[in-house]
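# Chains, contacts and geometry: an overview
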Amino acid sequence: MLSRPRIFRRLAAREERAPIVLGGARRAELRDHQKELHGFQTRLVVCAGSVVAVFFLLLVRFFYLQVLQHEYYHTLAENNRITINPMIPNRGLMIDRNGAVIAHNYAAYTLEITPSKAGDLEPLINELATVVEVAPKDRKRFRKLLEEGHDFASLPIRTRLNDVEVARFAVNKYRFPGVDIRARLFRHYPNGEVASHVLGYIGRRTQADDEKLEAEGMDANYKGTEFIGKVGLEGRYEANLHGTTGFEEVETDANGRAVRTLRSTLPVSGNNLLLSLDARLQEVAERVFGERRGALVAIEPATGGVLALVSKPGYDPNQFVDGIDPQSWDMLNSSPDHPLNNRALQGVYPPGSTFKPFMALAALELGKRNPHHAIYDPGYFFLSGGGGHRYRDWKTGGHGMVDMHRSIVISCDTYYYGVAQDLGIDSIHEFIGQFGFGKRSGIDIDGEAGGLLPSQEWKMRRFQQKWFMGDTISVGIGQGYNLATPVQLAQAVSILANNGAVFRPHLVRHIQDSQTGKLTSIEVEPVGTIHLRPENLRLVRDAMIDVTRPGGTAAAAGAGAPYHFAGKTGTAQVVAMKQNEKYDERRVQERHRDHALFIAYAPAEAPTIALAVLVENGGHGASAAAPVARAVLDFFLLGKEPQLKSKGAEDASEND
Amino acid sequence: MISRLLAFLGRHIDRHLLAAVGALLLVGLITLYSASGENVGRIGAQLANIVVALTVMWIAANIPPHYLQRLALPVYVVGLLLLIAVWRYGETVNGARRWLHIGVTRIQPSELMKVAVPLALAWYFDRYEAVLKLRDFAVAGLMLLVPVVLVAKQPDLGTALIITAAGFYVIFLAGLSWKVLVGMTVAIGACVPLVWPLLHDYQRQRILTLLDPNQDPLGAGYHTIQATIALGSGGFFGKGWLNGTQAHLDFLPERSTDFIFAVFSEEFGLFGNLVLVTLFLFVIGRGLFITFNASTLFTRLLAGAITLTLFTYVFVNMGMVSGVLPVVGVPLPLISYGGTSLVSILFAMGILMSIHTHKRLVKS
């Protein structure tokens, strides 16, 4: 029940129009009350007026549509049926630095059914199969598309019809209402397997793709588009490549035949990607790799543009365009060679001795080594303290007297054990981190791994363990916790070739507007500069040139080169097999071999190319990786086609 | 005996309102039969919804308003907590986070807020009846803003819009000064050019499409274009019941729910629209009449907000179908298929009836 004061107030409120005499304060409140009620009623009348006005406006709109515009809409709705067909834009092309097209589209005929206009689908398809071949695979795909519920689309039952099939269907078309032949565009990668890891591929849209498009508000633009870029450049530059979907409003008669187009907006083709990649160089590099597993990344130091990016084995991206069949997919996925992994970006390997030039620079810049100071290498390094431990050099018996120049040329481990000890891990982490080790390079393909350049803090975070001096010693020769991707190695050597200027590695140089031809450049500005004293830089670079000369570890690979090139060999120990790898006796031996590494740039005086080569289980860097680099450099600088030697003939300079 | 039962049942029922509501429900069923492709099962389901909703209405009509007044704050607080729970732990369906799992079933707390917000605001103003200062309006504004932001974030723009409208009506009727109103309108207008450059391209595109559906005939614009064709082709007398081609040839999306008005309009034409609008006008007019005669500030504000919210539903839905307003998910009250909306509308009608019939009790 109501409380007393409230009842009183309410009664008072009802009687407020009657003149009653009360105390002054009380009266004031009542007056407010009455004023308030009056105000309320005024506002209510305003509301009522607005309601009537708004409904009147709605009726005016109805009158406009249903009386004044009736004829127009009547035509649209009654006499004919209007369907809105999306017009799919041409996907942008990919063009290499020399103007060669490496991803394009071609038109082919597809046989399509519009379910809303066709009758019973099952008998219809059976009937169709008597005219053109319809494989079980085609039926399966059609059923899947049907289940996904594409509203007003016409769905392909057969793709890539040949001329004979087109003609046979055209003659019989009257028997198949709701079935049409359409010219559609298919993606094609003319170079097949070459550069597959750069291009990536497009594939059928999945639920996840749809959700992403919806979240970005792009779903309407994908009406009618069945394919979407999945990985590589196709994936990363999807937004640029796709273009804008057009549409046409088509009048159709009762049989679903188009009578005329009422209105249309043409699609806008996707933009072209102009790459820094050199497709011929890429092809040569992949040819030189042959059947071996590994990666190669070549960068133009002056811009950071990627000239070649190899990951072997690759795959043929054309397989994915029309929907890859399950058998091929399983083969790609279950192969022990992991052809779908982009080793150049995702593979992490110990950099091995290719790490040494950067260690040398660190020691010089941070004042821990005098370049002319030589040590005596007895073949091992003795770390005192904690019971002591011997770290062996790769050469039994040692290299004798070694100064900094020689330490690079002959790749002396003992020298760098000492350097590492004197620098300490955190100085190494900080200085060499500037060259991009341990962080993503930012290359324009998704899925890049970050590698690892350890620090005390990292070990504590990762393992809750204190850093030991022994850990530092291993890091000094690019082993231990040290891990880098081939892209990072190429980036690091490119910075060295560039006297410290840092560019973000990138594959796309320009995005070309398909309508205007206007180019939008991807930044070529350096993203940073590492300050290095010229004399230090010169010392390391000179030593790297001598690596490829007689007496250096890569002398064999450098023999007879008409240009100077700087390089550094490396060998990375394969510590253990991966846990989930199947045991295969035949391969186990090979898979336990060391990874061979080589970094280089040329011409040494004014480098136009810097590269990193990694051959998985290739053995020594000098024998397995350096010749690959030499062949690529020869082609790039001299245009010389590689002469592929049989495997046994490879020069075996014995060491690292 | 039977007459006494009827008298008991009808004691708190407003006959005028019931008659108009009944007529609208009938129109709804007739249209639904056509829109669903003559699906008798659908009609059965909607009839079941109607029975439940009418029961809810009867119960609401028999609850004296001051009980509602006492429940206002707790309901609001619970609703707010549930909204926060949705924000933190809600279940995502179709890209929007609106549902909350509680044991056996899922609930949608934003639906509750459509009633809880006007209730709570009316309660708040009634408490400070004698002296309303700007500060009170600021508090009320905050009480409105928090749930609206939470609902809009889900995102559920249609519901956020309805809650905003309902809350705004209470604040407006409570007497927010005209100066502040005009000032706020100007301020919001002035913000648009400041916010515009900060939006992403696709967000801008979305807004532009809302304003001009022809820009995006395959996406958001598709609904509007097809609905406009349905309306326009209906002409003055319509194509006749069950003869709408737009509806039956699958051109119209969501034709049983949000776009059912297009089906109605195609088949019954401008004439049918006049009848329908008149029926709604009658319901709204009756609601305003009840508001006008309500005895306390709480009931006045509540009745006013309920009536004007109903008006907002009707206007937004019809405006969206006829292509003058952007497409937001708002059903046409009493006509669209669906239990939730029906129950909440008839619950609100029950409150109106309660306000109208309980007032007299105090008098005697």
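These figures come from a predicted structure and were not determined experimentally. Numbering of residues starts from 1 in every chain and runs along the sequence as written. Each chain takes a letter, starting from A, and each ligand takes a number, starting from 1, following the order in which they are written. Residue-level local features of this predicted model are given only where pLDDT is at least 70; pairs of side-chain atoms are given and counted only at 80 or more, and the full residue set underlies all totals for whole chains, interfaces and linings.

### Digging into the overall build of chain A
Under the convention used in this document: In DSSP terms, a helix is any run of H or I states spanning at least four residues, a strand is any run of E spanning at least two, and both are numbered starting from the N terminus. Remark: C-beta atoms are placed from the backbone, and a residue is labelled buried if 20 or more other C-beta atoms sit within 10 Å of its own, exposed if 12 or fewer do, or partly exposed between those counts. Contact between residues is assigned whenever the C-beta positions, reconstructed from backbone atoms, fall within 7 Å.
What chain A contains, in helices and strands, is 25 helices and 23 strands. Burial analysis of chain A (656 residues in total) assigns 40% to the buried set. Taking the contacts inside chain A whose residues are at least 6 apart along the sequence as the reference set, 75% of them involve residues at least 24 apart.

### Section: the pairing of strand β23 (residues 609-615) of chain A
Residues and elements named next belong to chain A. So the rule is basically this: Pairing between strands is defined by DSSP: at least two bridges between them are needed.
Taking burial as the measure, the seven residues of β23 include seven buried ones, the bulk of the element. Here β23 shows no split at all, with I609, L611, V613 and V615 on one side and A610, A612 and L614 on the other all buried. Alignment of strand β11 (residues 294-300) against β23, held across six bridges, turns out to be antiparallel. Residue I299 lies in a different strand from β23, and its bridge partner there is A610.

### What about the nonpolar core?
As a reminder of what qualifies: Think of a nonpolar core as buried Ala, Val, Leu, Ile, Met, Phe, Trp, Tyr and Cys residues, each tied to the set through C-beta atoms within 7 Å. As used throughout, domain bounds are those supplied by an automatic or database domain assignment.
V297(A), L611(A) and V632(A) are the most contacted members of the largest nonpolar core, which totals 126 residues. Looking at which element gives the most residues to this core, the answer is helix α25 (residues 621-638) of chain A, with 11 residues. For this core, the two domains that each supply at least three residues are domain 2 (83-275) and domain 3 (283-649) of chain A. Beyond its immediate stretch of four places on either side in the chain, L611(A) contacts L296(A), V297(A), A298(A), I299(A), A490(A), A600(A), A629(A) and V632(A). Counting 110 residues, the second largest nonpolar core, distinct from the first, contains V51(A), V21(B), Y76(B) and I171(B).

### Focus on the environment of Q479(A)
Residues and elements named next belong to chain A. Following the sequence through the fold, Q479 ends up in the loop between α20 (469-475) and α21 (486-497). Q479 gets classed as buried once you count the C-beta atoms within 10 Å, which come to 20. Counting along the chain gives 127 residues from Q479 to G352, while the straight-line C-alpha distance between them is 5.6 Å. Residues in contact with Q479, not counting those within four places in the same chain, are P350, G352, S474 and Q573.

### Some details on the packing of helix α5 (residues 109-127) of chain B against helix α13 (residues 297-321) of chain B
Residue and element names in this part refer to chain B. Which entries qualify depends on this criterion: A fitted line through C-alpha atoms represents every axis, and for helices the fit uses only the stretch in contact; the resulting angles, taken between N-to-C directions, go from 0 to 180 degrees. An angle below 35 degrees is read as roughly parallel, one above 145 as roughly antiparallel, one from 65 to 115 as roughly perpendicular, and any other as oblique. Take the far helix as the reference: if the near one is turned anticlockwise from it by less than a right angle, the crossing is left-handed, and if turned clockwise, right-handed. Note on residue classes: Ala, Val, Leu, Ile, Met, Phe, Trp, Tyr, Cys and Pro are nonpolar, Asp, Glu, Lys and Arg are charged, and everything else, Gly too, is polar.
Between α5 and α13, whose axes approach to 8 Å, the crossing angle comes to 150 degrees. With respect to their mutual orientation, α5 and α13 come out roughly antiparallel. Here the hand of the crossing between α5 and α13 comes out right-handed. Residues P118, L119, A122, W123, F125 and D126 of α5 form the contact with α13, whose participating residues are L297, F298, L301, L302, A305 and I306. Here the residues of the contact of α5 with α13 sort into 11 nonpolar, no polar and one charged.

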